[in-house]
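Spelled out from the first residue to the last, the chains are:
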Amino acid sequence: MQAQAPTQTRHGLAAGEAGRPARADWTIPQDWARYTATEHAVWKTLFERQSRLLPGRACDAFVQGMRDLPIGPEQIPDFERLSEILMARTGWQVVAVPGLVPDEVFFEHLANRRFPAGHFIRQPHELDYLEEPDVFHDVFGHVPMLMNPAIADYIQAYGVGGLRAQQLGVLDKLARVYWYTVEFGLVQQAEGLRIYGAGIASSYTETVFALDDPSPNRIAFDLERVMRTRYRIDDFQESYFVIDDLDQLLELARIDFAPLYARTQGQAEHAPGSVLASDRVLVRGTGTYHAAKNAKNLV
Ligand SMILES: C[C@H](O)[C@H](O)[C@H]1CNc2nc(N)[nH]c(=O)c2N1
Ligand SMILES: N[C@@H](Cc1ccccc1)C(=O)O
Ligand SMILES: [Fe+2]
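Computed from a predicted structure; not experimentally measured.

Visitor: How do you make sense of the site of ligand 2 when you look at a structure like this?
Guide: Inspection of the region around ligand 2 gives Tyr-154, Ala-157, Tyr-158, Gly-161, Arg-164, Leu-174, Leu-252, Ala-253, Ile-255, Asp-256 and Phe-257 as its neighbouring residues. In this structure, Ala-253 approaches ligand 2 through a main-chain N or O atom, which is 2.8 Å from a nitrogen atom. Against a free-state accessible area of 330 Å², the protein chains account for coverage of 95% of ligand 2. When the residues that make up the shell around ligand 2 are grouped by side-chain class, the tally is 8 nonpolar, 1 polar and 2 charged.

What follows is the structure in structure tokens.
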């Protein structure tokens, strides 16, 4: 997921608004045979570039998941083949969608262990950034992590929590937890910080920025702190939150968020680059990268 609130996008809601897609759950056949050689070539460029960068930067679970799945350089993966292996391992499957789908549709899929992956792939001129999740972000970035039981259960629980948060009208708080874990999370390994967030793992530039650049903060994950921390949807993050172990996410999934939603109601929100006295700061950033940037598109 790269955009926050789905808007009029090229593939997703625009198609839906123009005329709702045939199926209520917004899934479409992947129809793998219809991908063109050009589309496979864009995948290959992205795959090879990222695969050179990730060793020593992606967490062990990501590397293992990638190894155990039919995801390679030559072609855009076939979702049916991915789903067979995922189903056996963690009960998940990958379904194709045109792009961003409405929140409740997204949560309904996750709650039923169906990962909605963008069917389209970005254009050659968009290699470094695009405004909605394409097949490379979703399949290369998210799917390997779904082979890890803790993440698999966490994202399913998130789907259930999302449907609930929507009823409670606190979606923005829950979305931050997802953003700072599933999308932009870091995990502490013995050798050092490693990437587990798909938004980083699928990004050539942010993979380096998140771990090596002096600008961002790296702060120990704290649920309530994250729930109150805004984030950027169209640029690198100013802070990355670090967990000690992926199993920590399972404990998170089991916490009942309702009291937290109530307690944080009306409390001040933190800017993305903020550092609080209560933070366990692992790396204090210089903030230089974003210093020159105006505070736009914060969520
Ligand atoms: C907050 C909201 O649920 C979130 O942005 C969702 C919206 N719809 C989506 N739709 C797709 N296909 N993929 C996503 O990651 C998301 N993200
Ligand atoms: N446990 C949260 C739901 C959730 C699950 C997993 C990740 C984040 C949130 C709730 O009670 O709503
Ligand atoms: Fe994503």
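Visitor: I would appreciate a short explanation of the pairing of strand E4 (residues 192–195) in the present structure.
Guide: Where a strand is regular, its side chains alternate between the two sheet faces. In this structure, strand E3 (residues 186–189) lies alongside E4, joined through 4 bridges in antiparallel fashion. Looking at the pairing, Val-187 lines up with Arg-194 of E4. Here E3 folds back onto E4 in antiparallel fashion, the turn holding 2 residues.

Visitor: Would you take a moment to explain the side chain of Glu-132 for this structure?
Guide: You can see Glu-132 is positioned in the loop between strand E2 (114–118) and helix H6 (135–142). Here Glu-132 falls in the buried class, since its relative accessible area comes to 1%. Only 2.9 Å separates the side chain of Glu-132 from the backbone nitrogen of Leu-100, close enough to count as a polar contact.

Visitor: Please clarify how the packing of helix H2 (residues 37–53) against helix H10 (residues 204–212) should be interpreted in this entry.
Guide: Helix-helix packing is characterised by the crossing angle of the two axes and by the distance between the axes. Interaxial distance between H2 and H10 falls to 9 Å at its minimum, and their mutual angle equals 15 degrees. With respect to H10, the axis of H2 lies roughly parallel. As for the relative orientation of H2 and H10, their crossing is right-handed in sense. Across from Arg-49, Gln-50 and Leu-53 in H2, the residues of H10 making contact are Tyr-204, Thr-207 and Val-208. Along the lines of polarity and charge, the residues of the contact of H2 with H10 split into 3 nonpolar, 2 polar and 1 charged.

Visitor: Can you help me understand the sheet that holds strand E6 (residues 239–243) in this one?
Guide: Strands in a sheet are paired, the pairing made by backbone hydrogen bonds, and the direction either parallel or antiparallel. The strand order E4-E3-E6-E5-E7 describes an open sheet built from 5 strands, whose pairing is mixed. Each edge of the open sheet is held by one strand with a lone partner, namely E4 and strand E7 (281–283). Between one strand axis and the next, the sheet turns through 40 degrees on average, direction left out of account. Here E3 runs beside E6; their pairing, made up of 2 bridges, is parallel. Bridge pairing in E6 places Leu-186 opposite Val-242.

Visitor: I'm lost on the nonpolar core in this one. Help?
Guide: Burial of nonpolar side chains together is a common tendency in soluble globular proteins. By size, the foremost hydrophobic cluster in this structure holds 84 residues, and its most contacted members are Trp-43, Phe-62, Ile-71, Val-139, Val-177, Tyr-196 and Leu-246. With 8 residues, the single largest contributor to this core is helix H8 (residues 171–183). What Trp-43 contacts, discounting residues up to four positions off in sequence, is Ile-71, Gly-72, Pro-73, Gln-75, Ile-76, Pro-77, Ile-121, Val-135, Phe-136, Val-139 and Phe-140.

Visitor: How do you make sense of the pattern of salt bridges when you look at a structure like this?
Guide: All told, the structure shown has 14 salt bridges when counted by the stated rule. Salt-bridge contacts for Arg-263 lead to Glu-224; the nearest nitrogen and oxygen are separated by 2.8 Å. Of the two residues, Arg-263 is situated in helix H13 (residues 258–264) and Glu-224 in helix H11 (residues 223–227); the sequence distance between them amounts to 39 residues. Within this structure, Arg-176, Arg-230 and Glu-269 form a network of salt bridges that share partners.

Visitor: Sorry, what's going on with helix H3 (residues 60–67) here?
Guide: Every α-helical turn comprises 3.6 residues, leaving residues that sit three or four positions apart pointing alike. The set of residues buried in H3 consists of Ala-61, Phe-62, Gly-65 and Met-66. Buried residues of H3, viewed axially, fall in a sector of 130 degrees; they line one side. Contacts from the buried residues of H3 go to H6 and helix H9 (198–201).

Procedures and definitions
Residues numbered from 1 in each chain as written. Chains lettered and ligands numbered in written order. Predicted model: local features only at pLDDT ≥ 70, side-chain atom pairs only at ≥ 80, totals over all residues. Heavy atoms only, no water. Near = heavy atom within 4 Å. Polar contact = N/O pair within 3.5 Å; in protein donor to acceptor, adjacent residues only side chain to side chain. Areas by Shrake-Rupley, 256 points an atom, 1.4 Å probe, with all protein chains shown as cover. Nonpolar A, V, L, I, M, F, W, Y, C, P; charged D, E, K, R; others polar. Pairing = 2+ DSSP bridges. Helix = DSSP H or I, 4+ residues; strand = E, 2+ residues; numbered from the N terminus. Buried < 20%, exposed > 50% of the residue type's maximum accessible area, 1.4 Å probe, protein only. Axes fitted to C-alpha atoms, helices over the stretch in contact; angles between N-to-C directions. Parallel < 35°, antiparallel > 145°, perpendicular 65-115°, else oblique. Left-handed = near helix turned anticlockwise from the far one by under 90°. Contact = heavy atoms within 4.5 Å. Core = buried A, V, L, I, M, F, W, Y, C linked by side-chain atoms within 4.5 Å. Salt bridge = Lys/Arg side-chain N within 4 Å of Asp/Glu carboxyl O. Arc of directions from axis to C-beta.

So far we have only geometry, and geometry alone does not tell us how the molecule works.
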